[in-house]
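# Tertiary structure, described
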Amino acid sequence: MTTMDGKKDGLWENIKTIIYALLIAGLFRTLFFQPFWIPSGSMKETLLIGDFLFVNKMAYGYSRFSCPFAMCPFDGRIFGTEPERGDIVVFRHPGTGADYIKRLIGVHGDRVQMRDGQLWLNDEAVPQEPAGEFVEVYERQGSAGQFPRCENAPVGQGGECRKSRMTETLPNGVSYPVLNISDGSPGDNTPVFTVPDGHYFFMGDNRDNSLDSRMPRQVGGVGMVPFDHLIGRARHVVFSAEGRSLFFVWTWRSDRLFTRLQ
């Protein structure tokens, strides 16, 4: 016969097991890898809405933003390692506190400018080569249900949404695709930005659809991002869902399973 004390002991053991599991999961998320889901199209075609990935939190060391709710009890950064141009980085937005993912373009001391849609770095044009078009279906995407922006707009629902694609190559040899939606967009021509010490300059690969370091925080941009706001580096897409939820397994994109990011 099971006693009341025995039931209480069994319940307490179950509660302890759940607590230990949560602590282990929290420790794993804080120290090693953080899951991240792509909610917007600012990094197309490198990252698509619905991509699910793990961010390597060991890549650049740890700051208070490495912990959930920025609760790590220290200032600055420990075990810090400098990121490199071209890295795809998750960071904490200095203004809103939201987690963002963009490509690192400028490190401290760099001079960054956009001229007629082309990136200039330290007063030299960053080479771009034509690479055809990026084509996607004009339909609602992700949990927000937003339609993509198209260079060939207007496009009817279900039609082909096209964007010009270029391959851009940074001075350190990192190459990646960038997309164009329209000429003369607000981010196509900018002043020269000089990246201060301890900060970084980020941009989205979908250049006309990205609020990034080209825009001040007052209008939704991120401005210059301090080193301690960096959370980690993204290297692989684990899986990807083109439907409204990651749990809709039948909408997973089989061609993006375990895709290595450029």
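Looking at an unreviewed UniProt entry, one finds the protein chain named Signal peptidase I, with Roseinatronobacter monicus as its source organism. The UniProt entry for the protein chain carries the following comment under Catalytic activity (unreviewed entry): "Cleavage of hydrophobic, N-terminal signal or leader sequences from secreted and periplasmic proteins." For the record of the protein chain, the UniProt heading Subcellular location (unreviewed entry) holds the text "Membrane".

This paragraph deals with the sheet that holds strand β10 (residues 175-180). Pairing within the open sheet is antiparallel, and its 3 strands lie in the order β8-β9-β10. Of all the strands in the sheet, the pair left with one neighbour each is β8 (128-137) and β10. Direction aside, neighbouring strands of the sheet carry axes that sit 35° apart on average. Examined bridge by bridge, strand β9 (residues 160-169) and β10 share 6 bridges and lie antiparallel to one another. By the bridge assignment, Ser164 is partnered in β10 with Asn180.

Here we come to the state of the cysteines. Summed over the entire model, instances satisfying the criterion amount to 1 disulfide. With a sulfur-sulfur separation of 2.1 Å, Cys150 is cross-linked through a disulfide to Cys161. Its S-S torsion of about -115° marks the bond between Cys150 and Cys161 as left-handed, since a negative value means left-handed. Taken as a pair, Cys150 in the loop between β8 and β9 and Cys161 in strand β9 lie far apart in primary sequence, 11 residues in all. For the pair Cys150 and Cys161, a shared accessibility class is recorded, and that class is buried.

Here we take up the pattern of salt bridges. Scanning the model with the defined rule gives 14 salt bridges in all. When the shortest N-O distance is used, the salt bridge between Arg103 and Asp205 registers 2.8 Å. Of this pair, Arg103 sits in strand β4 (residues 99-106) while Asp205 is found in the loop between β12 (199-203) and β13 (225-226), placing the two residues 102 residues apart along the sequence. Residue classification places Arg103 among the buried residues on the basis of a relative accessible area of 0%.

Looking now at the sheet that holds strand β5 (residues 111-115). Strand order in the open sheet formed by 4 strands is β7-β6-β5-β11, and the pairing between neighbours is antiparallel. A single partner strand is all that each edge strand has here, and the edge strands are β7 (124-125) and β11 (193-194). Here strand β6 (residues 118-121) pairs with β7 via 2 bridges, running antiparallel. Across the sheet, Leu121 pairs through a bridge with Glu124, a residue of β7.

Moving on, we come to the UniProt feature "active site" (unreviewed entry) in the protein chain. According to UniProt, the feature "active site" (unreviewed entry) maps to Ser42 and Lys102 in the numbering used here. A stretch of 61 residues holds the annotated residues, and the largest C-alpha distance among them is 8.0 Å, short enough that they meet in one place. Every residue in contact with Ser42, bar those within four places of it in the chain, is listed here: Ile101, Lys102, Gly204, Asp205, Asn206, Asn209 and Ser210. Summarising the element assignment, Lys102 is placed in strand β4. A relative accessible area of 3% means that Lys102 is categorised as buried. Those residues in contact with Lys102 that sit more than four places away from it in its chain are Ser42, Met43, Asp87, Ile88, Val89, Phe91, Phe202, Met203, Gly204, Ser210, Leu211 and Asp212.

Basis of the calculations
Residues numbered from 1 in each chain as written. Predicted model: local features only at pLDDT ≥ 70, side-chain atom pairs only at ≥ 80, totals over all residues. Heavy atoms only, no water. UniProt positions renumbered as here; feature names shortened; annotations may be inferred. Pairing = 2+ DSSP bridges. Helix = DSSP H or I, 4+ residues; strand = E, 2+ residues; numbered from the N terminus. Axes fitted to C-alpha atoms, helices over the stretch in contact; angles between N-to-C directions. Disulfide = S-S within 2.5 Å. Buried < 20%, exposed > 50% of the residue type's maximum accessible area, 1.4 Å probe, protein only. Salt bridge = Lys/Arg side-chain N within 4 Å of Asp/Glu carboxyl O. Contact = heavy atoms within 4.5 Å.

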